[in-house]
Amino acid sequence: MTENQDPIIRLTDVSKFFGEFQALKSVNMEVQLGERVVVCGPSGSGKSTMIRCINRLEEHDAGRIVVDGKELTEDMGNILAVRREVGMVFQQFNLFPHLTVLRNLTLAPMRARKLSLKEAEEVAMQYLERVQIPDQANKYPSQLSGGQQQRVAIARSLCMKPRIMLFDEPTSALDPEMIKEVLDVMIELAREGMTMIVVTHEMGFAKTVADTMVFMDHGEIVESAPPSDFFTAPESERTQLFLSQILSH
Amino acid sequence: MTAGRRNKKTRWSWIDLLVIAAVIAFVVFVVVRVETVLRYTWNWGHVMPFLAYVDEDTGRWVTNLLLEGLILTMRLAVIGIVISALIGVVMGLCRISNNLFLRMVARTYVELVRNTPPLVFIFIFYFFLSSQLMPLLGVDDLARSDSEFVQWMVRMVAGDPSLFSNFVAGLICLSLFEGAYITEIVRAGIQSIPRGQWEAGKSMGLSGFDVMRNVILPQAVSRIMPPLANQFIILIKDSSIVSLISIQELTFMAVEVGVSTSRVFEVWILTAVMYFVICYACVIVFNWLERRAERSKR
């Protein structure tokens, strides 16, 4: 295999407006299959908006986004196909409170992948084992701790067997003692070769798993580099300032 | 809601006693006024036969105007609840649709109804629309149909077949009127579900329909139920306004009996009691349903 395959995600000159406010300014990014990208930057810098454009929870206003060979346009069939291949984990977990953990996991595989109940439950239990909470399968989300809920949310995304996982500040809503159990699951996932884009402020995690660090500010990608260069010799002043603020405490 | 109240200890303060004393004093005052100033002589015996009386020839009980009115009110209420709920769900979904045309239709409907007084709405509907609409729908033909099944249906729905088209007009009026409020209840219930629930469903490749059916609606239903039950009770009470377009329901009959007997106090107190009984019965049923739904959730 050659080094320069087609990237699995390609953003070309992507712009996004919220009314007058420009959240993304001609963003260009490529992600290879199996690559782990960690995106950081101050709040309001467009990190979340960017990854939410990749599965079209937000519509971009200009530029092109191609995911796994399919361009994101108005075409609903394409959008659904891309979303089935792209899992997403949210800051607020967004588990379905009226369903048990097991039903949270089986819903999408049954409706969108047309698995039978039995098949879907097998897959679900397999992923609950992987995030180490198979014994909670019949509880409701509200009966779990924050860390457990986020692990269920990760398992729920994995049940669709996605090729890409997006993480939108997955540990920001967690109590400090629960952050590690979630990060451990994500590190494990990275080791198995999952393509990941992670928006996070957990720099320790970033150093462990990232192939590429991306720094965003004011809707632009300011710097994109391997972690070894990024943390020791950032090129841009804005990156230096941000890193000094976030690493100093 | 009720559980919280039950846990609280009941303690009497002097303010409670004062309020109770004031209420008793007021009731006594009104009774005394009626007795001494109006010199009103109560005659319940004259009014009660308008509920039901014993036919002297056959010796059997026969229902009379007031009870017949009550039965028609209950018919209006039950069928009205079903139709207005259907309108409310369909229009509520239109209100939040992505389709601009559907949104405009639903919005126009809701605003037209909400911003006109019920009486005006009903007069407009009755005089301008119903005279055109009823023949168009073939309602009169239906009532005159030869089919026994249709005749049976007509009697079940409206009681007297000769008043069928009138009844249908009143029913549609009432349902359209209440449906607008139910539309807003449905819309608010669905929109109260956090956006993250939509996003989580969509992010897994579920279609909009699947997210709505499996994620949003099940959660919205439990939020919609209490205000919906409230609206159903309002519907039962509002059914009295169709008396103005000569639907012979309870209020219409009460006016008739009140005028012909001039036992105004007795007739209206009796009527109020009948409305109260059916509404309060509904309150009890809805509360029970709500508690059961609450319990089955966990």
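Just above sits the structure.
Values in this document were obtained by computation on a predicted structure and should not be read as measured data.

**With respect to the pairing of strand 9 (residues 212-217) of chain A**
All names here are of chain A.
Move 1: In terms of burial, strand 9 is largely enclosed, as 6 of its 6 residues are buried.
Move 2: As paired strands, strand 9 and strand 10 (residues 220-225) are joined by 5 bridges and run antiparallel to one another. When the bridges of strand 10 are listed, Met-213 appears paired with Ala-225.
Move 3: Hairpin connection from strand 9 to strand 10: 2 residues lie between these consecutive antiparallel strands, with His-218 at a positive phi of about 50°.

**Side note on the pattern of salt bridges**
Move 1: All chains considered together, the criterion is met by 25 salt bridges over all chains.
Move 2: Put simply, A:Glu74 and A:Arg56 hold a salt bridge, and the shortest N to O gap is 3.4 Å. Of the two residues, A:Glu74 sits in the loop between strand 5 (70-71) and helix 2 (76-85) while A:Arg56 sits in the loop between helix 1 (47-54) and strand 4 (62-67), which places them 18 residues apart along the sequence.
Move 3: Note on A:Arg56: relative accessible area 8%, which makes it buried.
Move 4: Here B:Arg107 and B:Glu111 are joined by a salt bridge, their closest N and O atoms 3.0 Å apart. On the criterion of helical spacing, the pair formed by B:Arg107 and B:Glu111 is a turn pair, its members being 4 residues apart in helix 5 (residues 100-114).
Move 5: A network of salt bridges, in which partner residues are shared, links B:Arg95, B:Arg107, B:Glu111, B:Arg114, B:Glu184 and B:Arg187.

**As for the interface of chain B and chain A**
Interface size is commonly expressed as the accessible surface area that is lost when the partners come together.
Move 1: Listed by partner, the interface residues are 20 residues for chain B and 22 residues for chain A.
Move 2: When chain B packs against chain A, close to 1,900 Å² is buried across both sides, 58% of that on carbon and sulfur atoms.
Move 3: The interface formed by chain B and chain A holds 2 salt bridges in total.
Move 4: Close ionic contact of B:Asp210 with A:Arg111 constitutes a salt bridge, the shortest N to O distance being 3.2 Å.
Move 5: The interface formed by chain B and chain A contains 6 residue pairs in polar contact (both at pLDDT 80 or more).
Move 6: For the side of chain B that touches chain A, the secondary structure elements donating two or more residues are helix 10 (195-203) and helix 11 (208-238) of chain B.
Move 7: No other element matches the 8 residues that helix 10 of chain B contributes to the side of chain B that touches chain A.
Move 8: Looking at side-chain class alone, the side of chain B that touches chain A contains 5 nonpolar, 8 polar and 7 charged residues.

**Points about helix 8 (residues 148-158) of chain B**
All names here are of chain B.
Move 1: Those residues of helix 8 lying buried are Gln-151, Val-154 and Ala-158. Buried residues in helix 8, looked at end-on, bunch into an arc of 60°, giving them a common side. Among the exposed residues of helix 8, those oriented more than 90 degrees off its buried face are Glu-148 and Phe-149.
Move 2: On its buried face, helix 8 is in contact with helix 4 (65-95), helix 7 (139-143) and helix 9 (164-191).
Move 3: You can read the cap of helix 8 off the contacts: a side-chain oxygen lies 3.3 Å from the backbone nitrogen of Phe-149, and it is on Ser-147.

**Structural notes on the packing of helix 4 of chain B against helix 5 of chain B**
Residue and element names in this part refer to chain B.
Move 1: The interhelical angle for the contact between helix 4 and helix 5, taken along N-to-C directions, is 125°, at an axis separation of 7 Å. Judged on the interaxial angle alone, helix 5 and helix 4 are oblique. Helix 4 and helix 5 meet at a crossing whose hand is left-handed. Counting all contacts with helix 4, which are made through Ile-87, Met-91, Cys-94 and Arg-95, the residues of helix 5 involved are Leu-102, Arg-103, Val-105, Ala-106, Arg-107, Tyr-109 and Val-110.
Move 2: Class assignment of the residues belonging to the contact of helix 4 with helix 5 gives a composition of 8 nonpolar, no polar and 3 charged.

**Section: the packing of aromatic side chains**
Residues and elements named next belong to chain B.
Move 1: One pass over the full model with this rule turns up 14 aromatic pairs over all chains.
Move 2: Ring geometry for Phe-123 versus Phe-127: centroids 5.8 Å apart, planes at 15°, classification stacked. Of this pair, Phe-123 and Phe-127 both sit in helix 6 (residues 118-137), 4 residues apart, roughly one helical turn.
Move 3: On the accessibility criterion, Phe-123 (30% relative accessible area) is partly exposed.
Move 4: Pairing Phe-232 with Phe-286 gives two aromatic rings, centres 5.9 Å apart and planes at 40°, and the pair type is tilted. With a gap of 54 residues between them, Phe-232 in helix 11 and Phe-286 in helix 13 (residues 264-297) connect regions that are remote in the sequence. Each member of the pair, Phe-232 together with Phe-286, is buried.

**Topic: the nonpolar core**
Considering soluble globular proteins, one finds that nonpolar side chains tend to be buried as a cluster.
Move 1: A:Ile9, A:Leu11, A:Met50, A:Val67, A:Ile197 and B:Leu66 are the most contacted members of the largest nonpolar core, which totals 104 residues.
Move 2: The element contributing the most residues to this core is helix 9 of chain B, with 13 residues.
Move 3: Judged by nonpolar contacts, the second largest core, of 49 residues, contains A:Val101, A:Met203, A:Val209 and A:Ala210.

**Quick look at the packing of helix 4 of chain B against helix 9 of chain B**
Residues and elements named next belong to chain B.
Move 1: Where helix 4 contacts helix 9, the two axes come as close as 6 Å, and the packing angle between them is 45°. Taken together, the axes of helix 4 and helix 9 lie oblique to each other. Between helix 4 and helix 9 the crossing geometry is right-handed.
Move 2: Of the residues belonging to the contact of helix 4 with helix 9, the class tally is 16 nonpolar, 8 polar and 5 charged.

**A few points about the sheet that holds strand 3 (residues 36-40) of chain A**
All names here are of chain A.
Move 1: Read across the open sheet, the 6 strands follow the order 6-7-8-3-9-10; overall the sheet is mixed. One side of each edge strand has no neighbouring strand; the edge strands of this open sheet are strand 6 (86-89) and strand 10. Strand-to-strand twist of the sheet, defined as the mean angle between neighbouring strand axes without regard to direction, takes the value 15°.
Move 2: Direction of pairing for strand 3 relative to strand 9: parallel, over a ladder of 4 bridges. Looking at strand 9, one finds that Cys-40 is bridged to Phe-215.
Move 3: Packed on one face of the sheet, helix 2 meets strand 6 and strand 7 (164-168) and runs near 65° to strand 6.
Move 4: Across the sheet, helix 6 (residues 176-191) touches strand 3, strand 7 and strand 8 (195-199), and the angle it forms with strand 8 is around 150°.

What counts and what doesn't
Note on numbering: residues in each chain are counted from 1, in written sequence order. Chains carry letters from A onward and ligands carry numbers from 1 onward, assigned in written order. Given that the model is predicted, a residue must reach a pLDDT of at least 70 before its local features are reported, and side-chain atom pairs must reach 80 or more before they are shown or counted; all residues, however, enter totals for whole chains, interfaces and linings. For the side-chain quantities, the full set of heavy atoms in the structure was used; hydrogens and water were omitted. Whether a residue is buried, partly exposed or exposed follows from its accessible area with a 1.4 Å probe, protein chains only, as a fraction of its type maximum: under 20%, in between, or over 50%, in that order. Helix numbers and strand numbers start at the N terminus; a helix is a DSSP run of H or I with at least 4 residues, a strand a run of E with at least 2. The criterion for strand pairing is that DSSP finds at least two bridges linking the strands in question. Salt bridges are identified by distance alone: a Lys or Arg side-chain nitrogen within 4 Å of an Asp or Glu carboxyl oxygen. When checking whether two residues touch, look at their non-hydrogen atoms; a contact exists if any pair is within 4.5 Å. When two components associate, each loses some accessible surface as probed by a 1.4 Å sphere; the sum of these losses over both components is called the buried area. Polar contacts, as counted here, are pairs of nitrogen or oxygen atoms within 3.5 Å of one another; within protein the pair requires one atom able to donate a hydrogen and one able to accept it, and residues that are adjacent in sequence qualify only if both atoms are side-chain atoms. For this scheme, ten residues count as nonpolar: Ala, Val, Leu, Ile, Met, Phe, Trp, Tyr, Cys and Pro. Four count as charged, namely Asp, Glu, Lys and Arg, and the remainder, Gly too, count as polar. The arc in question is the one traced by the directions running from the helix axis out to the C-beta atoms. The axes used here are C-alpha line fits, helices contributing only the stretch in contact, and every angle between their N-to-C directions lies in the interval 0 to 180 degrees. Here the word oblique covers every angle except those under 35 degrees (roughly parallel), over 145 (roughly antiparallel) and from 65 to 115 (roughly perpendicular). Crossing handedness is read from the near helix: turned anticlockwise from the far helix by less than a right angle, it gives a left-handed crossing, and turned clockwise, a right-handed one. Between the rings of Phe, Tyr and Trp (Trp by its six-membered ring), a pair exists once the centres lie within 6.5 Å; its type follows the angle of the planes, with under 30 degrees stacked, over 60 edge-to-face, and the other angles tilted. Nonpolar cores are built from buried Ala, Val, Leu, Ile, Met, Phe, Trp, Tyr and Cys residues. Side-chain atoms within 4.5 Å join them into one set.

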